[in-house]
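Residues per chain, in single letters:
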Amino acid sequence: MPLGATDPACTIGAMESTAAHEAGDVLRSAPPRFGLEEAEAIAADLFGARGRATPLVSERDQNFRILADDGRGWVLKVSNSGEREGVVEMETGVVRHVAAVDATLPVAVPCETRDGAPWGTIAGSGGARHFVRLLPLMPGRNGSAIDLSREAIRDFGAVSARLGRATRGYFHPMAGRRILWDVKHLPELRPHLPVVADEPRRALVEAILDHFESAVAPSLTGFRAQVIHNDLTFDNTLLDASDRVSGIVDFGDMAHTALVLDLVAALVSLLGGRDDPADLFAAAEAAIAGYASVTPLEDEEAALLGDLVAARLAQTTLISAWRIGIYPENAAYLSSWDADAWPMLALFEAVGLPEMRRRFAAAARRVPAWPAPGATDGRPRIGEEALLGRRRRVLGSALSALTYERPLHLVRGEGARLYDPDGRPYLDCYNNVPVVGHSHPRVVAAIARQAATLNTNTRYLHATVVELAERLVATMPPGLDTVMFVNSGSEANDLAWRLATTATGARGGIVTDWAYHGVSAAIADLSPEGWPRGERPAHVGTIPPPEAYRHSAAGAPDRVEGAAWVEDAAARLDDAVADIASRGFRPAAVFIDGAFTSDGIFAPPPAYLRDLVRRTHAAGALFVADEVQAGYGRMGDGLWSFEAAGTVPDIVTLGKPMGNGHPVAAVITRAEIVDRFAAETEFFSTFGGNPVACAAAMAVLDVVADERLTANAAAGGEEIRAGVRAAAAHHPAIGDVRGRGLMIGVELVRDRATREPDAALAALVQNAMRERGVLVGTTARAGNVLKIRPPLVIGREDGALLLRILGEALVASGA
Ligand code: PMP
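Enquirer: Would you explain the overall build of the protein chain in this entry?
Expert: If you tally the helices and strands in the protein chain, you get 22 helices and 25 strands. Each principal axis of the C-alpha atoms in the protein chain carries an extent, and together these give about 110 × 60 × 55 Å. For the protein chain, buried positions account for 56% of its 815 residues. Summed over all atoms, the accessible surface of the protein chain reaches about 31800 Å², with 54% contributed by carbon and sulfur. Side chains of the protein chain give 80 positive and 101 negative charges; the mean places of these two sets differ by 4 Å.

Take a look at the structure:
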């Protein structure tokens, strides 16, 4: 019966002295047992809330739904007699704090009693004392993980992270109480192992416990920790009609513990009931991506995520087995936890615990792409016109024009998605720089960590620059043993040019017809794409790209493959050598972009490159493999594009994807070539090889390997090309589909017979795709080749979206 409200101004000391007679251990005290009429009386007397009571489940408290005749509703929460008042104060405080920090998080702020107190107190049987709270009934329904779309799962993950952000500024001494639902206390449940009757199940839980104690617990102590909800599951959330979280309840398990345990609790709930490993890990990826979009995981958290999920499942089974023994009347509810926990543990065992760990870690280190909605609405955005004007005024006319007829204003990137100020996503099939996906959490964390620690230059001893150089050398063929760090692809090529001219004593260069290699004066000469008025510098010779589609050496318009074609194409190098010789130049270097990106994207047979290198050396020149576009696994058959051909360049230049957007570039060559250069001059670049740039570059190498992105590029590229080829059956404007890995060229023509380029159509299609949320570019001298070059994290659903939108754009463009 109601005793009246507590003193709202009570202190921590007072609360400690009122600690319940059962040492405050709510898991050991019986839940309250009030009747429905008693509940109605409590709600009315204490809070003035009149309505009909119906029972709700609870592990250790007693909850009722109170519905008034006028439609209003509340939850009456009668605490376990073992609950301490300080805990009630903490729970009330955290909800108020969350509501103040992030008003969009749907938490139920408790109603005050009729006396204005934050909770009430009543007497139960046997002199027990119960604290009572009345919470507004939250809208929505209880969800089921199985019915949720990936987007809804992702959203749930994001809500979990947002709740963590909202509680991080909150503290209450009771948050340090020992709560068995805190995964870090799992070892304390070991004595309950014998309660698990089934022998194989017991062995599995024991194995998880053993591993937790030896390999997880020692690291867990060092994880970032704060006050967290610790139980944001389907039991404690409500979902609206579109499956978004509309209510967050029950802070009863909150604790000051490892932040990542909130994600762990959400995962256990979201993954329940999934018996197909592919489905389970895809759902895990979605939830983790949502979480990481708000709070990127730290490497250590990612590494142990799978173990923590297994630990929470083991904890669930142990607490459940133990509690059913004590409270058989609550068995139906208590064993409902196991219903999901055991099959999930069995699935982990079937997959293999090490593989399970690896897959969670891979998911945690990746923020996968997400499907984009359809067409944009074309509204001009606030401030955009003004921004355009300011840009024009201050950035000058030489800067290349903005892409797309309606310039794209972007404010955020994640995985293969870019977002405009309205939050509209665009599938990025254009940008090769963010090779591991936009804002990859591991790269971001590596940059932030190093920037917060030290950033200097290569005039000081620093381990990271040495380690990065060693790692790069290890990826190269034997002989390419020396690395020089710079800041851009242009600088890398400029340095390569200086090395080559010094080593050979020659001053001529050879590039493909429409190549682009960079902005410096020397490299602009070697970039026909940007030659002023198209005028060729005297020392530069050009060769046609290895273009099978239009190659007419055999006099036939049909695709010519095989040795004759290869030899004929490569022999053009000899022509170019002769050509510059006639102007008095010997070639110092032949620069080749392994993807022939500016020329129109070509993937010649390996023999072509081998022949080109042989002829380069025969002419006394060095072969420079410009991997600025083609490197870092994009071509799908190795980290570097020249690997597939089995060639060994003299100089390799790296840029763009090397730091996933952070400026860092490199030249890799033989020591003797550098020695010749060093004999004449010294080399130093202020920013080149700085610790932050190197940290970014190291993280990129890690992610490319850990997420198996080269294999993804191979498989994804093949699938997309096959899809475009299939679409060509309905779209005669598609003349050729080519490339390797995720470097894809789609050549658009007016007429398949004449192969006349259709640049106007390419521009229309590019813009129509942008309007529909997919970004591609155009390339080639005629500008008629669609350039499809996404971050390597693009997924299968993304590929399907790209194909669908390409088809729609072709139709919309009248093709
Ligand atoms: N080489 C190639 C093949 C490139 O595509 C580019 C840039 N588009 C560069 C070099 C120059 O790189 P950066 O713009 O970083 O100087």
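Back to the write-up after that little detour.
Enquirer: Help me out: how do you make sense of the sheet that holds strand E23 (residues 774–775) in this one?
Expert: Two modes of strand pairing occur in sheets, parallel and antiparallel, and in both the strands are linked by backbone hydrogen bonds. Here 4 strands make up an open sheet; going across it, the order is E11-E12-E13-E23 and the pairing mixed. Each edge of the sheet is formed by a strand with only one pairing partner; in this case those strands are strand E11 (412–414) and E23. Bridge analysis of strand E13 (residues 425–428) against E23 gives 2 bridges, and the strand direction is parallel. Across the sheet, Leu 427 pairs through a bridge with Val 774, a residue of E23.

Enquirer: Looking at this structure, I do not really get the packing of helix H20 (residues 709–728) against helix H22 (residues 796–812). What am I missing?
Expert: Each pair of packed helices can be described by the angle between their axes along with the distance between the axes. Remark: H20 packs on H22, axes separated minimally by 10 Å, with the N-to-C direction vectors making an angle of 25°. Taken together, the axes of H20 and H22 lie roughly parallel to each other. Taken as a pair, H20 and H22 cross one another with a handedness that is right-handed. Two secondary-structure elements touch here, H20 through Glu 719, Ile 720, Gly 723 and Val 724 and H22 through Arg 796, Gly 799, Leu 802, Leu 803 and Leu 806. Per-class residue counts for the contact of H20 with H22 are 5 nonpolar, 2 polar and 2 charged.

Enquirer: Hey, could you run me through the side chain of Gln 450 in this one?
Expert: Residue position: Gln 450 is located in helix H12 (residues 441–451). What makes Gln 450 buried here is its relative accessible area of 13%. Residues within four places of Gln 450 in sequence aside, it is in contact with His 462, Pro 691, Val 692 and Ala 695.

Enquirer: Before we go on, may I ask you to explain the packing of helix H5 (residues 199–220) against helix H8 (residues 299–326) in this structure?
Expert: Following both chains from N to C, one finds H5 and H8 inclined at 130°, their axes separated by 10 Å at the closest point. Regarding the angle of H5 to H8, the classification is oblique. Both H5 and H8 take part in a crossing whose hand is left-handed. Of H8, the residues touching H5 (which contributes Val 205, Ile 208, Leu 209, His 211, Phe 212, Ala 215, Val 216, Ser 219 and Leu 220) are Leu 304, Asp 307, Leu 308, Ala 310, Ala 311, Ala 314, Thr 317 and Leu 318. Along the lines of polarity and charge, the residues of the contact of H5 with H8 split into 13 nonpolar, 3 polar and 1 charged.

Enquirer: Sorry, what's going on with the site of the ligand here?
Expert: Residues in contact with the ligand, as listed here, are Ser 488, Gly 489, Ser 490, Asn 493, Tyr 516, His 517, Gly 518, Asp 593, Asp 626, Val 628, Gln 629 and Lys 656. Between the ligand and Ser 490, the relevant distance is 2.4 Å, taken from an oxygen atom to a side-chain nitrogen or oxygen of the residue. Asp 626 has a polar side-chain atom sitting 2.6 Å from a nitrogen atom of the ligand. Burial of the ligand by the protein amounts to 82% of the accessible area it has alone, namely 390 Å².

Enquirer: Is there a simple way to think about unusual backbone geometry in this case?
Expert: Most peptide bonds are trans, and most residues other than glycine sit at a negative phi. Phi at Tyr 632 is positive, roughly 65°, even though this residue is not glycine. Residue placement: Tyr 632 occurs in the loop between strand E18 (622–626) and strand E19 (651–654). Judged by its relative accessible area of 1%, Tyr 632 falls in the buried class. Not every positive phi belongs to a glycine, and Asn 660 is a case in point at roughly 55°. By secondary structure assignment, the location of Asn 660 is in the loop between E19 and strand E20 (665–669).

Enquirer: Just to check I follow, could you spell out the sheet that holds strand E25 (residues 785–788) for this structure?
Expert: Pairing is antiparallel across the open sheet formed by 4 strands, whose spatial order is E21-E22-E25-E24. In the strand order of this sheet, the two ends are held by strand E21 (734–740) and strand E24 (777–779), each with one partner. Here the average twist between neighbouring strands, direction ignored, is 30°. Sheet topology note: the E21/strand E22 (residues 743–748) ladder contains 6 bridges and is antiparallel. Paired with Val 737 across the bridge in E22 is Val 746. Each of E21 and E22 is contacted by H20, which is oriented at about 170° to E21, the strand it contacts most.

Enquirer: How should I be thinking about the pairing of strand E4 (residues 73–78) in this particular structure?
Expert: Two faces, one strand: in a regular strand the side chains alternate between the faces of the sheet. Burial runs high along E4: 6 of the 6 residues are buried. The alternating pattern of E4 places Gly 73, Val 75 and Lys 77 and Trp 74, Leu 76 and Val 78 on opposite faces, both of which are buried. Where strand E3 (residues 62–67) hands over to E4, the hairpin turn is made up of 5 residues, of which Gly 71 adopts a positive phi near 95°. In terms of strand pairing, E4 meets strand E6 (residues 129–136) through 5 bridges, oriented antiparallel. Counted as the bridge partner of Lys 77 is Arg 133 from E6.

Enquirer: Explain the pattern of salt bridges to me, please; I cannot follow it from the model alone.
Expert: For side chains of opposite charge, pairing can occur when their charged atoms come near one another. A complete count under the given rule lists 45 salt bridges for this structure. Of the charged contacts in the structure, one is a salt bridge between Arg 133 and Glu 91, with a shortest N-O distance of 2.7 Å. Residue Arg 133 is located in strand E6, and its partner Glu 91 is located in helix H3 (residues 85–101); the two are separated by 42 residues in the primary sequence. Pair check on accessibility: Arg 133 and Glu 91 agree, each one buried. One salt bridge in this structure joins Arg 190 and Glu 213, with 3.2 Å as the shortest N-O distance. Residue Arg 190 is located in the loop between helix H4 (150–167) and H5, and its partner Glu 213 is located in helix H5; the two are separated by 23 residues in the primary sequence.

Enquirer: Hey, could you run me through the environment of Arg 190 in this one?
Expert: For Arg 190, a relative accessible area of 24% puts it in the partly exposed group. Sequence spacing of Arg 190 and Glu 206 is 16 residues, and the spatial spacing of their C-alpha atoms is 8.1 Å. Those residues in contact with Arg 190 that lie beyond four places of it in its chain are Glu 206, Leu 209, Asp 210 and Glu 213. A polar contact is formed between the side chain of Arg 190 and the side chain of Asp 210, at a distance of 2.7 Å.

Enquirer: Sorry, what's going on with the environment of His 662 here?
Expert: Along the chain, the position of His 662 falls in the loop between E19 and E20. The exposure class assigned to His 662 is partly exposed, which follows from its relative accessible area of 23%. Placed 442 residues apart in sequence, His 662 and Leu 220 show a C-alpha to C-alpha distance of 31 Å. Apart from the residues within four sequence positions on either side, His 662 is in contact with Ile 447, Val 692, Ala 693 and Ala 696.

What counts, and where the lines are drawn
- Counting restarts for each chain: residues are numbered from 1 in the order of the written sequence.
- Totals for whole chains, interfaces and linings use every residue, but because this is a predicted model, local features are given only for residues with pLDDT of at least 70 and side-chain atom pairs only at 80 or more, for both listing and counting.
- With hydrogens and water stripped out, all remaining heavy atoms of the structure feed into the side-chain values.
- Only DSSP runs of H or I covering at least 4 residues are called helices, and only runs of E covering at least 2 are called strands; the numbering of each starts at the N terminus.
- Remark: exposure states derive from per-residue accessible area (1.4 Å probe, protein chains only) relative to the maximum for the residue type, with buried under 20%, exposed over 50%, and partly exposed in between.
- Using a 1.4 Å probe, the Shrake-Rupley method yields the accessible areas, and only the shown protein chains count as cover for residues.
- Under this rule, positive means Lys or Arg and negative means Asp or Glu; His and the chain ends count for nothing.
- A charge is said to be at NZ when it belongs to Lys, at CZ for Arg, at CG for Asp and at CD for Glu.
- Only strands that DSSP links by at least two bridges are regarded as paired with each other.
- As a rule, the C-alpha atoms of each element are fitted with a line to give its axis, helices using only the stretch in contact, and angles between N-to-C directions run from 0 to 180 degrees.
- Oblique is the label for any angle not covered by the other classes, which are roughly parallel (under 35 degrees), roughly antiparallel (over 145) and roughly perpendicular (65 to 115).
- Two helices cross in a left-handed way if the nearer one is turned anticlockwise from the farther one by less than a right angle. They cross in a right-handed way if the turn is clockwise.
- The criterion used for residue contact is that any of the two residues' heavy atoms lie within 4.5 Å.
- Residue classes follow a fixed rule: Ala, Val, Leu, Ile, Met, Phe, Trp, Tyr, Cys and Pro count as nonpolar, while Asp, Glu, Lys and Arg count as charged, and any other residue, Gly among them, counts as polar.
- The nearness test applies per residue and asks whether one of its heavy atoms lies within 4 Å of the molecule or strand.
- For the purposes of these results, a polar contact is taken to be a pair of N or O atoms within 3.5 Å, where, inside protein, one atom must be able to donate a hydrogen and its partner to accept one; residues adjacent in sequence count only when each atom of the pair is a side-chain atom.
- Salt bridge, as applied in this entry: a Lys or Arg side-chain nitrogen positioned within 4 Å of an Asp or Glu carboxyl oxygen.

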